[in-house]
Amino acid sequence: MPDKSFLFSRPPVWKSHEQSSQRQLPDDLQSWLYETGSLTKRLRGIHGKRFGVKVLFHRWKPAFIDECRLLGLPPCRYQLIREVLLHADGEPLVLARTILPEPTIEIAHRNLSHLGTRPLGEVIFAYPDLERRQRQFSRADSGIWSLGLQAAVGVDEAIWGRRTVYAIHRQPLLVAEFFLPAVLAPAVKQPPKIDKPFIQKS
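Residues numbered from 1 in each chain as written. Predicted model: local features only at pLDDT ≥ 70, side-chain atom pairs only at ≥ 80, totals over all residues. Heavy atoms only, no water.

Undergrad: Describe unusual backbone geometry, and please don't skip the residues or the numbers.
TA: Phi is positive for His169, close to 50°, though the residue is something other than glycine. The topology assignment puts His169 in the loop between β5 (159-168) and β6 (171-179). Backbone geometry at Arg170 places phi at a positive 70°, although glycine is not the residue there. Within the secondary structure, Arg170 sits in the loop between β5 and β6. (Helix = DSSP H or I, 4+ residues; strand = E, 2+ residues; numbered from the N terminus.)

Written out as structure tokens, the structure is:
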């Protein structure tokens, strides 16, 4: 698994979210899970210049089987996999994983393959023909995360996430986002800052 992800020791389990389950979730969590706009824009509105992106993983690798199935891709083909931590001055807010097929990168004039610490949402929401095709949800327990992530961030409780299939000029990409406790109450909870460099690239 380390060669396909820094975040996960095993792939999350995803499913469609039924209305009956939705009503059981806290309102603050629902507001993030069902956000239709750019997370980057929303987080910047809350945290201002404190908002930042730390790259955790940036490699051309085969994606997880279920990710390939969702995107209609051959499971052995290499995709650009990008995993990042969205934070406010080192305070962990959101963990994100993006699967970028080569045709999508090419049609986007390679803007998506050279993001660096620029947020993905800042780029894809600038495309006027951006489509949102499908959304699924997952409640990930602490055992799903890799040892490297546990050491860096310390995810010690179940957290909710979503993944969305977008399309740019009809070419798909997959974005998964998991919402850490601090993002739900940023003005209240202040966990320790992250000061360890754990960028993994090739």
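More follows now that the structure is in view.
Undergrad: How would you explain the environment of Arg10 if you had to name every residue and give the values?
TA: Note that Arg10 resides in the segment before α1 (19-22). Take Arg10: its relative accessible area is 39%, and that puts it in the partly exposed class. The spacing of Arg10 and Trp145 is 135 residues in sequence and 7.4 Å in space, taken between C-alpha atoms. Polar side-chain contacts of Arg10 include one of 3.2 Å to the backbone oxygen of Gly143. (Buried < 20%, exposed > 50% of the residue type's maximum accessible area, 1.4 Å probe, protein only. Polar contact = N/O pair within 3.5 Å; in protein donor to acceptor, adjacent residues only side chain to side chain.)

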